[in-house]
Amino acid sequence: MTGTTRRRFLAATAGATLGAGLFVGPATAQTGDSAVDLSKWFANTEGVSKVTDVRGQSRVEVTVGAGGNGGAFAFAPAAVRIDPGTTIVWTWTGNGGTHNVVAKDGSFESEYYGSSGDTFETTLDTPGVTRYACAPHEAMGMKGAVVVGDVGVTLSGTSGGEQTPEQPEETYNGWLSNTGNYHELVDRRGESEVVVEVGAEGNGGPYAFAPPAMRIDPGTTVVWEWVGNEPYNVVDAELGYHSDQVAGAGHRFAVEFDGDGLSTYECSEYSDEGMRGVILVGEGPTRQLSTLSYAVTGGGALVLGAPFLYGLREHVRSTR
């Protein structure tokens, strides 16, 4: 990608309202007599070596936030086989921050939950295979699958946690070349507000943004939410926004973006370890001048209506 992007920092004092951003991908449920290969789906998911057969049960429980994938970022069991008409209940452990459950074929989706004992349930009646994930942690391997009925499936070639997915060719001028948990640009277009976890497991410890790279629509508010307990901050030195450096889960910082452009940000304390992120807004950098405007909408604990210092700056940067 080559071009020049001009960004303008718009003054604002506002509060951020936290919502439940949900991303639903393309349909992937499959039926038929031929076996469905789940090895690619679980390629970056630790320890998925079998499909747990729980047929004969009318209600089946799956744990959300179980240990795995570098922290509490797993479903357990990750792959289950059920009878048609069985109700699946996902139960949150309260570990690993905020999670959700989103079917990739759009058949079900939960809200974001983070407390122990929270539940979400759905009933699946049609034979087939449905893949699902936790939207903010999908790139880390937090994925699951439900096999309904007698559909054949294979798990040959699953990683068992030993295989590392290849990093995408696009690293944004090398900005994400050392970011170990970066595997794809997560598409969050269509949402007015999205959440990035700060201090998620990755890069050798709690030193990751999750997801580290996302694409959003102009006008979207990005909320960074602290889930780790180290001292973190969120800084885009070129664009000019930054949060305070704070330790402790629950802290939040939000920025509203508009126009078309690219924001490359980092945690200054752990940037060298790979704690970096990218926000691609709209069409991103183009060959012509385009304007990316943004407003800091809150700081600190994000108390609604809390004032925040602001200024006006213009930046010109070539990207490729």
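See the structure above.
Anyway, here's the lowdown on the structure attached to this text.

Rules used in this analysis
- In this convention, every chain numbers its residues from 1, walking through the sequence in written order.
- Under the rules for a predicted model, residues below a pLDDT of 70 receive no local features and side-chain atom pairs below 80 are neither given nor counted, while totals for whole chains, interfaces and linings still include all residues.
- No hydrogens and no water enter the side-chain calculation; it runs on all heavy atoms of the structure.
- Only DSSP runs of H or I with at least four residues qualify as helices, and only runs of E with at least two residues qualify as strands; both kinds are numbered from the N terminus onward.
- Between two residues, a contact is recorded if the distance between any of their heavy atoms is within 4.5 Å.
- Areas reported here follow the Shrake-Rupley algorithm with a probe of radius 1.4 Å; residue values treat only the protein chains shown as occluding.
- The aromatic pairing rule takes the rings of Phe, Tyr and Trp, using the six-membered ring of Trp, and pairs them if the centres are within 6.5 Å, calling planes under 30 degrees apart stacked, those over 60 edge-to-face and the rest tilted.
- In this scheme, a residue with accessible area under 20% of its type's maximum is buried, one over 50% is exposed, and one in between is partly exposed, where area comes from a 1.4 Å probe on protein chains only.
- Only when the NZ of Lys or the CZ of Arg is both within 6 Å of the ring centre and within 35 degrees of the ring normal is a charge said to sit over the ring.
- Joining through side-chain atoms within 4.5 Å is the link that ties buried Ala, Val, Leu, Ile, Met, Phe, Trp, Tyr and Cys residues into a set, and such a set is a nonpolar core.
- For two strands to pair, DSSP has to find at least two bridges joining them.
- Salt bridge, as applied in this entry: a Lys or Arg side-chain nitrogen positioned within 4 Å of an Asp or Glu carboxyl oxygen.

**Remarks on the overall build of the chain**
Thinking step 1. In terms of helices and strands, the chain carries 0 helices and 26 strands.
Thinking step 2. Considering only contacts within the chain whose residues lie at least 6 apart along the sequence, 74% involve residues at least 24 apart.
Thinking step 3. Roughly 13,300 Å² of accessible area belongs to the chain as shown, and the carbon and sulfur atoms make up 45% of that amount.

**Comments concerning the packing of aromatic side chains**
Thinking step 1. Under the definition given, this model contains 15 aromatic pairs.
Thinking step 2. Relative to tyrosine 132, the ring of phenylalanine 108 lies with its centre 6.3 Å away and its plane at 55°, an arrangement referred to as tilted. With phenylalanine 108 in the loop between strand S8 (102-103) and strand S9 (119-124) and tyrosine 132 in strand S10 (residues 128-133), this residue pair connects regions lying 24 residues apart in the sequence.
Thinking step 3. Classification of phenylalanine 108 as buried rests on a relative accessible area of 5%.
Thinking step 4. Taking the relative accessible area as the measure of exposure, tyrosine 132 reaches 1% and is therefore buried.
Thinking step 5. One aromatic cluster is present, built from ring pairs that chain together Phe209, Trp224, Tyr241, Phe253, Phe257 and Tyr265.
Thinking step 6. Over the ring of tryptophan 41 we find lysine 143, and its NZ or CZ is 4.6 Å from the ring centre.
Thinking step 7. Positioned above the aromatic ring of tryptophan 175, the side-chain terminus of arginine 276 is 4.2 Å from the ring centre.

**Section: the nonpolar core**
Thinking step 1. Counting residues in each nonpolar core, the largest one holds 24 residues, and the members touching the most others are Phe75, Ile82, Trp90, Val101, Phe108, Tyr132 and Val146.
Thinking step 2. For this core, the secondary structure elements donating two or more residues are strand S4 (59-68), strand S5 (71-76), strand S6 (79-82), strand S7 (86-92), S9 and strand S11 (143-148).
Thinking step 3. Setting aside anything within four residues of it in sequence, one finds valine 101 in contact with Val64, Phe75, Trp90, Trp92, Phe108, Glu109, Ser110, Phe120, Tyr132 and Ala133.
Thinking step 4. Counting 23 residues, the second-largest nonpolar core is a separate cluster that includes Val196, Phe253, Tyr270 and Val281.

**Details of the sheet that holds strand S3 (residues 52-53)**
Thinking step 1. Strands sit in the order S3-S6-S11-S10-S8 across an open sheet of 5 strands; the sheet is mixed. Where the open sheet ends on each side, the last strands, each with one partner, are S3 and S8.
Thinking step 2. As judged from the 4 bridges shared by S6 and S11, these two strands associate in the parallel manner. Residue pairing in the sheet places arginine 81 in a bridge with valine 147 of S11.

**Thoughts on unusual backbone geometry**
Thinking step 1. Of the consecutive residues alanine 76 and proline 77, the connecting peptide bond is found in the cis state with omega at -10°.
Thinking step 2. With respect to the secondary-structure elements, proline 77 resides in the loop between S5 and S6.
Thinking step 3. The omega angle of the peptide bond from alanine 210 to proline 211 is -5°, so this bond is cis rather than trans.
Thinking step 4. Along the polypeptide, proline 211 turns up in the loop between strand S15 (208-210) and strand S16 (213-216).
Thinking step 5. In this structure, asparagine 69 is a non-glycine residue whose phi angle is positive, near 60°.
Thinking step 6. Turning to its location among the elements, asparagine 69 is positioned in the loop between S4 and S5.

**So, the pairing of S6**
Thinking step 1. Side chains of S6 alternate between two faces, with Ala79 and Arg81 and Val80 and Ile82 buried alike.
Thinking step 2. Looking at chain direction, S3 and S6 are connected through 2 bridges and run parallel. Across the sheet, residue aspartate 53 finds its bridge partner in S6, namely arginine 81.

**Details of the pairing of strand S23 (residues 261-266)**
Thinking step 1. Burial runs high along S23: 6 of the 6 residues are buried.
Thinking step 2. Residues Gly261, Ser263 and Tyr265 point to one face of S23 and Leu262, Thr264 and Glu266 to the other, with burial holding for every one of them.

**Focus: the pattern of salt bridges**
Thinking step 1. As enumerated under the stated definition, the model contains 7 salt bridges in all.
Thinking step 2. Residue arginine 55 pairs with aspartate 53 through a salt bridge whose shortest N-O separation is 2.6 Å.
Thinking step 3. The exposure class of arginine 55 is partly exposed, given its relative accessible area of 35%.
Thinking step 4. With relative accessibility at 44%, the residue aspartate 53 sits in the partly exposed group.
Thinking step 5. Put simply, arginine 55 and aspartate 150 hold a salt bridge, and the shortest N to O gap is 2.7 Å. In this pair, arginine 55 is assigned in the loop between S3 and S4 and aspartate 150 in the loop between S11 and strand S12 (153-154), connecting sequence segments 95 residues apart.
Thinking step 6. Here aspartate 150 falls in the exposed class, since its relative accessible area comes to 69%.
Thinking step 7. When salt bridges that share partners are traced, they join Asp53, Arg55 and Asp150 into one network.

**With respect to the environment of methionine 214**
Thinking step 1. Along the chain, the position of methionine 214 falls in strand S16.
Thinking step 2. Sequence-wise, methionine 214 and valine 278 are 64 residues apart; in three dimensions their C-alpha atoms are separated by 6.5 Å.
Thinking step 3. With residues near it in sequence (within four places) discarded, methionine 214 still touches Leu185, Val186, Arg188, Val194, Val195, Val196, Val278, Ile279 and Leu280.

**Considerations on the environment of glycine 117**
Thinking step 1. Of note, glycine 117 is situated in the loop between S8 and S9.
Thinking step 2. Distance from glycine 117 to valine 64, taken between C-alpha atoms, is 9.9 Å for residues 53 residues apart in sequence.
Thinking step 3. If near-sequence neighbours (up to four positions away) are discounted, glycine 117 is found in contact with Thr91 and Trp92.

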